[in-house]
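What follows is the residue order along each chain.
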Amino acid sequence: MTLINSTLIAGMALAVLPIILHMVMRAKPKRIEFPALRLLKSRQPANARRMQLKHWLLLFLRSLLIILAVLCVARPSLPAARYGLQWWEWTLVVAIAGVAVAAYYLLGRKDPDRHLAVHVLRDVRNRRRLWCVLGGFLAVLVVVGIPWGLRVRSEMTSPMNEAAEDIPVAVVFIFDNSVSMNYRHENLTRLERAREVAIQYLSQLPQGSRVAIAGLAPDEEVVFQADLASAQARIDSLPVTYVPDPINRRLRESIEAHVDDRDRLRQEAGVQAGDFFAREICLLTDLSVSAWSVPDEVGLMDLLVQQDHVQLYVVDVSVEQPVNSLLTALKLSDQTTVAGREVVASVTASGTVGQVKPLTIEAFLLDSDGNEIRVGPPRTAQLDNGPVEVQIPIACPPGSAFAQGLLRIQSDDPLPDDNIQHFTVAVRAAPKILLISDRREESLYIKNALEPEDGAQWGSDFYDCTEVTTSQFNRESLDRYDVVCVINCQRPDPSMWTALKSYAEAGKGVFVVAGNSGISVSHWSTPEAAALLPGTPIQWFRYLDEPGRIRLVTEQHPMTKPFAEWEEARTVLGASSFLRCWAMEWSDDSSLLMVFDGPGNRPALAERRLGDGKCLLFTSAMDNLVNGGSEWNDFVVDNWSFLMFCDVLVQHLTGASEQQRNFTAGKPVEISVPATERFAEYRVSRPGFRRTPGELSADQTSLLISDAVDPGHYRVTPFESASVFEAAFSMTLRDQETDLTQMTRKQLEDMLGAERFSLVHNPTDLERAVRVGRLGIEVFPVLIGLLLLVFCAEHLMANFFYDEQPASLEKA
């Protein structure tokens, strides 16, 4: 126990004053003989003992009254512990009291002689009442008091800081500066509110205290400093971080920093024990679940129990019922497109519980100067039934290699960071495709799917196709084309296979169709063909009972993923009837993408990687010619999934579907640099008009940007180089970063330990919790209540004592 006003404890000496007065001023009665009083001599010993007991009890109450008054002025405090009885302890107390009362009344029924004199019967009942009270008190003491004392003693004797108010404090301020702390309420963000609380706390620290300031940024370090002015400046300048570390990790680092600092100071002072500072951690947070790692993986509870000299205060600066609208789950139909072709941006619009106000979502593209240009009409999302997916088509204009833009909620709300989703789309020229077949009629269906005759009229000429016959192949320069398609060439020359293999290894795409019964197995099984194709033909196969239906083997491959994500497209694709296909001997390094459901589940589409490129093989026809593809399937007849198949195929073969331009903040971004566009230095343009330098060493073939943590648009350009290289990408917030769901006290207790932290909600609660942590629990309110109780008892006892004799005389 410690005393705030310890010098006043000397006033307890006044407790002997009632004893002195009692001894000095005690009246000496006169002896008067009166014969009539001889009848009362039998009652004299009992009355004398009772009066003497009341004298001592009154004397005790008066001395106790003075002691309590002195203690109240001295204001003692006890070490922090759970002094109150727990619910099960109260239950035992009530049960024991009930047993004592029941015992008193049960014993009262067995009074042997109810005809005894009144005073004798009263003495019997008084003794029985006394024994029941003493028995109940002893039972409470043994059953409840001793376990309570052992529990409190263990908590009081634990090695906690016993600090006076003027002892220096070493405190770590941990700021939850994640995105959710940007929530604005009463014209203050939660981070600004946390700054206010921290600065107020900082101003009350004793002289000589040391402070460390830490946020949740991955590169934060916990370093103590004695300059409190610099600490306040650090608090004022602490920014929001979009890729925070979990609070659990920062808490562990702070505890370890306290231990290291204590050990260092001990070593410098040459001591083995003790500490020069009271040690505290003040965590200021809105308790958003997204800022914590649940379940805890760093062993916080065990560490807090082990290092229990460190006090932890969790300051909750959250809003009771936050309101928020947000956009999440941004997806683009294509991340590389052709100028004028629409890209569909889909996003999920949602809001907090109870929000039914419709959201208006707008799409914008940025011009060369960074100005926003709205694209299309706004879209409205009704949130009556929960989150809604909104799709917005965006046509990318020509003139730039990249189109960057954003989707935004039109109205503002308290947390603006999740109202915007940024995106980047690469814009390229129409891919050039070379179609090779024995007869041009066989390639006509693929050509019309990619480059329809009226495409220019309707603005859908997104591919540039060139048709040649097999005999004209040697006249073409393959370097001019992005994709080469070989369609039902019956007797190709081995040199064609060799040229196509070199073409694929250089990073280009080859598509081969085997959909004709006239294919020469020997010409398709040469070593040159086997080096290119995923498989070589054995013989063609006919479905007799049931036609084959296309089924996806994998749903994650760029060729099959669009069909897997669109159920209607998958259904239409599987509705085509296949009557014939080629049986193949597949190479070991080929990958199966689609099969024909039916006897043997024969492969339909397979892929083989060659160097930086790829070759795909389809084992049935892609035409509807008489005595040709019409005998093999109806894939190209009134089936729009064939158009989608060809479009997805070219996107995959050109690598457009594999070039990612949109990332989650904090993810590393790797950008390939062609050998013809190399450079030594580059600059990265970042959100907020910042530019950072970088270097590309001679042995690097790609750039790795690992510090793109801010949401927004990025561009990479060579510095002082003639290279025409340019790259762009966008970063979006992690969807869970603005989840305002709060940690419950039960979750905090499971993670930190129920008795190892104090949860407060305002500066007053924080000051009270810190006072308890440093000085213990002040018992002034309890002493005042006890003082009033003893004063009343003394008053009643004195009145009863002095009034009893006249009452007895009246009865006599």
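Everything quoted here is computed from the prediction, not taken from an experiment.

## Quick word on the overall build of the chain
Piece 1. Each helix and strand counted, the chain has 18 helices and 36 strands in total.
Piece 2. The long-range share in the chain, meaning contacts at least 24 apart out of those at least 6 apart in sequence, stands at 75%.
Piece 3. For the chain, the computed accessible surface area is about 42,200 Å², with 56% contributed by carbon and sulfur atoms.

## Notes on the sheet that holds strand β11 (residues 342-351)
Pairing between sheet strands relies on hydrogen bonds along the backbone, with the strands arranged either parallel or antiparallel.
Piece 1. Pairing is antiparallel across the open sheet formed by 3 strands, whose spatial order is β9-β11-β15. One side of each edge strand has no neighbouring strand; the edge strands of this open sheet are β9 (325-332) and β15 (388-395). Put simply, the sheet's adjacent strands are angled 30° from each other on average, direction ignored.
Piece 2. As defined by bridge partners, β11 adjoins β15 across 8 bridges and the pair is classed as antiparallel. Along β15, the bridge assignment pairs Ala 349 with Val 388.

## Comments concerning the nonpolar core
Piece 1. Among the nonpolar cores identified, the biggest contains 42 residues, and Phe 511, Phe 618 and Phe 645 are the most heavily contacted of them.
Piece 2. In terms of residue count, the dominant contributor to this core is helix α15 (residues 640-653) (8 residues).
Piece 3. Among all residues touching Phe 645, those that are not within four sequence positions of it are Phe 511, Met 559, Phe 563, Met 594, Leu 605, Phe 618, Met 622 and Phe 635.
Piece 4. Judged by nonpolar contacts, the second largest core, of 31 residues, contains Leu 216, Leu 283, Trp 292 and Leu 312.

## Regarding the pattern of salt bridges
Opposite charge on two side chains lets them pair, provided their charged atoms get close.
Piece 1. Within this structure, the stated rule accounts for 32 salt bridges.
Piece 2. Notably, a salt bridge pairs Arg 193 with Glu 196, separated by 3.2 Å at the nearest N-O pair. Here Arg 193 and its partner Glu 196 are both found in helix α5 (residues 190-203), 3 residues apart, which amounts to about one turn of the helix.
Piece 3. Note on Glu 196: relative accessible area 39%, which makes it partly exposed.
Piece 4. Salt-bridge contacts for Arg 428 lead to Asp 482; the nearest nitrogen and oxygen are separated by 3.5 Å. Linking Arg 428 in strand β17 (residues 420-428) with Asp 482 in the loop between β19 (464-469) and β20 (483-487), this pair joins segments that are 54 residues apart in sequence.

## Concerning the state of the cysteines
Piece 1. If you walk through the whole model with that rule in mind, you get 0 disulfides.
Piece 2. Free of any disulfide, Cys 465 has its nearest cysteine sulfur in Cys 485, 7.8 Å distant.
Piece 3. Given a relative accessible area of 9%, Cys 465 falls into the buried group.

## Considering the packing of aromatic side chains
Piece 1. By the definition in use, this model includes 17 aromatic pairs.
Piece 2. Seen in terms of ring centroids, Phe 173 and Tyr 201 are 5.5 Å apart; in terms of plane orientation they differ by 75°. Their pairing is edge-to-face. Taken together, the positions of Phe 173 in strand β3 (residues 169-175) and Tyr 201 in helix α5 put the pair 28 residues apart, joining distant regions of the chain.
Piece 3. Here Tyr 201 falls in the buried class, since its relative accessible area comes to 6%.
Piece 4. Measuring from centroid to centroid gives 6.3 Å for Phe 578 and Phe 618, while their planes differ by 65°, and the two rings are edge-to-face. In this pair, Phe 578 is assigned in the loop between α14 (567-575) and β24 (580-586) and Phe 618 in strand β27 (residues 613-618), connecting sequence segments 40 residues apart.
Piece 5. Among the aromatic side chains, those forming a connected cluster through ring pairs are Phe 578, Phe 596, Phe 618, Phe 635, Phe 642 and Phe 645.
Piece 6. Between Arg 683 and the ring centre of Phe 719, over which it is positioned, the NZ or CZ distance is 3.7 Å.

## Some remarks on the environment of Val 648
Piece 1. Of note, Val 648 is situated in helix α15.
Piece 2. Taking the relative accessible area as the measure of exposure, Val 648 reaches 10% and is therefore buried.
Piece 3. Once the C-alpha coordinates of Val 648 and Pro 562 are considered, the two residues, 86 residues apart in sequence, prove to be 7.8 Å apart.
Piece 4. Excluding residues within four positions of it along the chain, Val 648 makes contact with Pro 558, Met 559 and Pro 562.

## A short note on α15
Piece 1. With 14 residues, α15 should reach 20 Å at 1.5 Å per residue; the first-to-last C-alpha distance of 20 Å fits that figure.
Piece 2. Listed as buried for α15 are Ser 641, Phe 642, Met 644, Phe 645, Cys 646, Asp 647, Val 648, Leu 649, Val 650, Gln 651, His 652 and Leu 653.
Piece 3. Gly 655 sits one or two positions beyond α15 and adopts a positive phi of about 80°.

## Notes on the sheet that holds strand β6 (residues 210-214)
Piece 1. Strand order across the open sheet formed by 5 strands is β6-β3-β7-β8-β35, with parallel pairing between neighbours. With partners counted over all chains shown, the strands left at the sheet margins are β6 and β35 (758-760), one partner each. For this sheet, the mean inter-axis angle between neighbouring strands, taken without regard to orientation, is 20°.
Piece 2. Pairing analysis gives 3 bridges linking strand β8 (residues 310-316) to β35, with the strands arranged parallel. Its bridge partner lying in β35, Val 314 is registered against Leu 759.
Piece 3. The sheet contacts of helix α7 (residues 247-269) involve β3, β6, β7 (278-285) and β8, and relative to β7 the element is tilted by about 160°.

## Some points on unusual backbone geometry
Piece 1. With an omega of 0°, the peptide bond running from Val 294 to Pro 295 counts as cis.
Piece 2. Tracing the chain through its elements places Pro 295 in the loop between β7 and α8 (300-306).
Piece 3. Of note, Leu 287 is a non-glycine position whose phi angle comes to about 65°, a positive value.
Piece 4. Note on placement: Leu 287 falls in the loop between β7 and α8.
Piece 5. Of note in this structure, Phe 689 is not a glycine but carries a positive phi near 60°.

## Topic: a nonpolar patch on the surface
Piece 1. Taken together, Leu 92, Phe 137, Leu 138, Leu 141, Val 142, Val 143, Ile 146 and Leu 150 make up a surface patch of nonpolar side chains, about 750 Å² in accessible area.
Piece 2. Of all the elements, helix α4 (residues 118-156) adds the most residues to the nonpolar patch, at 7 residues.
Piece 3. Its location among the elements puts Phe 137 in helix α4.

## Quick word on the packing of α5 against helix α6 (residues 228-236)
A pair of packed helices can be characterised by two numbers: the angle between their axes and the separation between those axes.
Piece 1. The contact between α5 and α6 brings their axes to 10 Å, and the two run at 175°. Looking at the two axes, α5 sits roughly antiparallel to α6. Residues Arg 195, Ala 198, Ile 199 and Leu 202 of α5 form the contact with α6, whose participating residues are Leu 228, Ala 231, Gln 232, Ile 235 and Asp 236.
Piece 2. When its residues are assigned to classes, the contact of α5 with α6 shows 6 nonpolar, 1 polar and 2 charged.

## As for the pairing of strand β29 (residues 669-672)
Strand residues, when the strand is regular, have side chains that alternate between the two faces of the sheet.
Piece 1. The side-chain alternation of β29 yields one buried face, formed by Val 669 and Ile 671, and one unburied face, formed by Glu 670 and Ser 672.
Piece 2. Relative to strand β32 (residues 702-705), β29 is paired through 4 bridges, and the arrangement is antiparallel. Residue pairing across strands places Ile 671 opposite Leu 703, the latter belonging to β32.

Cut-offs used in this document
Note that residues are indexed from 1 along each chain, following the sequence as it is written. This being a predicted model, a pLDDT of at least 70 is required before a residue's local features are given, and a value of 80 or more before pairs of side-chain atoms are given or counted; all residues contribute to the totals for chains, interfaces and linings. Only hydrogens and water are set aside; all other atoms, that is, all heavy atoms of the structure, feed into the side-chain values. Secondary structure follows DSSP: runs of H or I at least 4 residues long count as helices, runs of E at least 2 residues long count as strands, and numbering of each begins at the N terminus. Two residues form a contact once any of their heavy atoms are found within 4.5 Å. Note that accessible areas follow from Shrake-Rupley with a 1.4 Å probe, and for residues the cover is restricted to the protein chains shown. At least two bridges found by DSSP between two strands are what make those strands a pair. Angles run from 0 to 180 degrees between N-to-C directions of axes, and those axes are lines fitted to C-alpha atoms, restricted for helices to the stretch in contact. We define the nonpolar core as a collection of buried residues of types Ala, Val, Leu, Ile, Met, Phe, Trp, Tyr and Cys that are connected through side-chain atoms lying within 4.5 Å of one another. Classification of residues uses two cut-offs on accessible area relative to the type maximum, computed with a 1.4 Å probe and protein chains only: under 20% is buried, over 50% is exposed, and between them is partly exposed. Note on definitions: salt bridges are taken to be side-chain nitrogens of Lys or Arg within 4 Å of carboxyl oxygens of Asp or Glu. Throughout, disulfides are identified as pairs of cysteine sulfur atoms within 2.5 Å of each other. Two rings from Phe, Tyr or Trp (for Trp, the six-membered ring) form a pair when their centres are within 6.5 Å of each other. A pair whose planes differ by under 30 degrees is stacked, one over 60 is edge-to-face, and the rest are tilted. Whether a charge sits over a ring comes down to the Lys NZ or Arg CZ being within 6 Å of the ring centre and within 35 degrees of the ring normal. Multiplying 1.5 Å by the residue count of a helix minus one yields the expected span of that helix. Residues enter a patch when their relative accessible area is above 30% and they make no salt bridge; the linking distance is 9 Å between like charges and 5 Å between nonpolar side chains (Val, Leu, Ile, Met, Phe, Trp, Tyr). Small angles under 35 degrees read as roughly parallel and large ones over 145 as roughly antiparallel, with 65 to 115 read as roughly perpendicular and the rest as oblique. Throughout this entry, Asp, Glu, Lys and Arg are counted as charged residues, while Ala, Val, Leu, Ile, Met, Phe, Trp, Tyr, Cys and Pro are counted as nonpolar. The remaining residues, Gly among them, count as polar.

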